[in-house]
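Below are the chains, spelled out letter by letter.
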Amino acid sequence: MDDHSLDEFRRRWQEELAQAQAQRKRRRPEAAERRPRRPEVVPGRGEQASGYLALAQGLLEGAGRPPAARAARQDAASRSRSPPAREGAGGGEQLVDQLIRDLNEMDDVPFFDIQLPYELAINIFQYLDRKDLGRCAQVSKTWKVIAEDEVLWYRLCQQEGHLPESSISDYSCWKLILQECRAKEHMLRTNWKNRKGAVSELEHIPDAVLCDVHSHDGVVIAGYTSGDVRVWDTRTWDYIAPFLESEYEEDEPGMQPYVSFVRINSSLAVAAYEDGFLNIWDLRTGKYPIHRFEHDARIQALALSQEDATVATASAFDVVMLCPNEEGYWQIAAEFEVQKLVDYLEIVPDTGRYPVAVATAGDLVYLLKAEDSARTLHYVYGQPVTCLDVSSNQAAFGVKSLGWVYEGNKILVYSLEAERCLSKLGNALGDFTCVNLRDSPPNLMVSGNMDRRVRIHDLRTDKITLSLSAHQLGVSAVQMDDWKIVSGGEEGLVSVWDYRMNQKLWEVHSRHPVRHLSFNSHSLITANVPYERVVRSADLDGFSTHRRPHPTGPGGSPLHLPGQPKDPPPHPVKR
């Protein structure tokens, strides 16, 4: 306030004090006698009030408010020499106390009472985690409203990976949704550790041997020696698994060629046959193929993009990429010629308009871009590649060391953008048989080896952080997340590990080698595929899905949570 307003405030305050004193003097003496005797003023309170009076007097005289240290010293001095407060000073003390409180509120305004724009407050609070938001909600009503805003809790749900495809308008209380998601996550983790859940064996085709299995987001596809291709949706158990029909003419039973490879994503299913034919089905339109492609020789490798409709095949010395055009008609997007027969083929995710693939052929590793010719990514004579996996910007493959100078078998990690080697990991005696880079946590990678060990590699330090002796024979499939490892072996054993505690949780055994392994937070899908494609007994060939969504009641009976469909009993195996 300006000087004139301050003078006016002092003048009016002094007049109010003078009027209060005049009213006390005009009171009758008998009224004072009838009034009960007031108790003695507590020295501490009166002494404190005398300090307030001195402070108020200084403010009225224009001396300004003394600093905190000087005010404390004056208050201590007044306590030592001031007599108890007078009886008639009660009204003045109340007014002075009110003045001091008003001045304190004007001078020492806490941060949470400052009126900030709501959008600015939300932008500040968005950097807090859930624990800090909970603490802030206990500060004041203003902070409670800001800390419980739906935008903040919706963002926390997205950051922790809960309901990634939901919008903020789908639920009215995202704080409660986050609590429910975390409680469910804790229950699933406990069920994983204690092996609680329902185990279901998917019914397969009698008089046929399982050739290849693949899965994506709970949907499983399988190919058999009879030429049949079947699809299961394990997310809904009332779903009837259909047969994907081919366009072969009706010949004698068993005359159709074997299924070599099968792949599936969210919208497409692909199967490659021994005679070089390739069928592509659209899972949303029907069970008949939408495209059929023919190679001159047997298809040696097959890859399907997990994000879009891109298929890559390798036959003889040719690699072909197929994708639909804008009108929906399938066409050859790119065709490459390589020097050797392709062993492994993978499509790089998230490459944009032009598809990119990585292929290995003996000791050669090719980077195949649709708008460019085949480029050699790695080549060392006499060191063949034994496994392959790719992510959006890296490729990891195992290399077998041969020759006079034995350097040990290693895993090489290449940058697909710079096309150079980033890391050389491991120094094992056995061959690396599987590597998982795409599904591993950031800066980590898991691999399996013929020496029966599962290894976790740190891509930042190029060192092995953990080595587990997991199987009796070589490791054939492996996958990890932020706390566990699931591995499959050539002896048919599936092991689940808590790698933070370096402890095996449980295991499942089958007769045939584990050729496919995939898990998410609530289910585990494994496939045991035999070496020989000879029909012996139907109950020896199959694959299972191990579900972990429910706790188990007494006696091992499944205890279903409200709002979740009940699981049927395991499918009987036809003999």
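Please refer to the structure higher up on the page.
Residues numbered from 1 in each chain as written. Predicted model: local features only at pLDDT ≥ 70, side-chain atom pairs only at ≥ 80, totals over all residues. Heavy atoms only, no water.

Caption draft 1: Here's a closer look at the sheet that holds strand β5 (residues 259–264). Reading across the sheet, the four strands line up as β5-β6-β7-β8 and stay open at both edges, with antiparallel pairing between neighbours. Each edge of the sheet is formed by a strand with only one pairing partner; in this case those strands are β5 and β8 (289–294). Between one strand axis and the next, the sheet turns by 15 degrees as a mean value, whatever way the strands run. (Pairing = 2+ DSSP bridges. Helix = DSSP H or I, 4+ residues; strand = E, 2+ residues; numbered from the N terminus. Axes fitted to C-alpha atoms, helices over the stretch in contact; angles between N-to-C directions.)

Caption draft 2: A look at the pattern of salt bridges. Following the criterion strictly, the structure yields 22 salt bridges and no others. Two residues, Arg 135 and Asp 132, come together in a salt bridge whose shortest N-O distance is 3.0 Å. With Arg 135 and Asp 132 both in helix α7 (residues 130–136) and three residues apart, the pair spans about one turn of that helix. Taking the relative accessible area as the measure of exposure, Arg 135 reaches 54% and is therefore exposed. Of the residues examined, Asp 132 reaches a relative accessible area of 27% and is grouped as partly exposed. Between Arg 375 and Glu 419 there is a salt bridge, and its shortest N-O distance comes to 3.3 Å. Residue Arg 375 is located in strand β16 (residues 375–379), and its partner Glu 419 is located in the loop between β19 (409–415) and β20 (420–428); the two are separated by 44 residues in the primary sequence. Assessed through its relative accessible area of 34%, Arg 375 is described here as partly exposed. Glu 419 sits in the partly exposed class, given a relative accessible area of 23%. (Salt bridge = Lys/Arg side-chain N within 4 Å of Asp/Glu carboxyl O. Buried < 20%, exposed > 50% of the residue type's maximum accessible area, 1.4 Å probe, protein only.)

Caption draft 3: Representation of the pairing of strand β3 (residues 219–224) in the model. Within β3, six of the six residues are buried, which leaves it mostly tucked inside the rest of the structure. Burial of β3 is two-sided: the residues Val 219, Ile 221 and Gly 223 facing one way and the residues Val 220, Ala 222 and Tyr 224 facing the other way are all buried. Relative to β3, strand β2 (residues 210–216) runs antiparallel, the two being bridged by six bridges. Among the inter-strand pairings, Val 213 is bridged to a residue of β3, identified as Ala 222. Taken together, the five bridges between β3 and strand β4 (residues 229–233) define a ladder with antiparallel strand orientation. Counted as the bridge partner of Ala 222 is Arg 230 from β4. Hairpin geometry of β3 and β4 is characterised by an intervening segment of four residues between the two adjacent antiparallel strands and by a positive phi of about 90 degrees at Gly 227.

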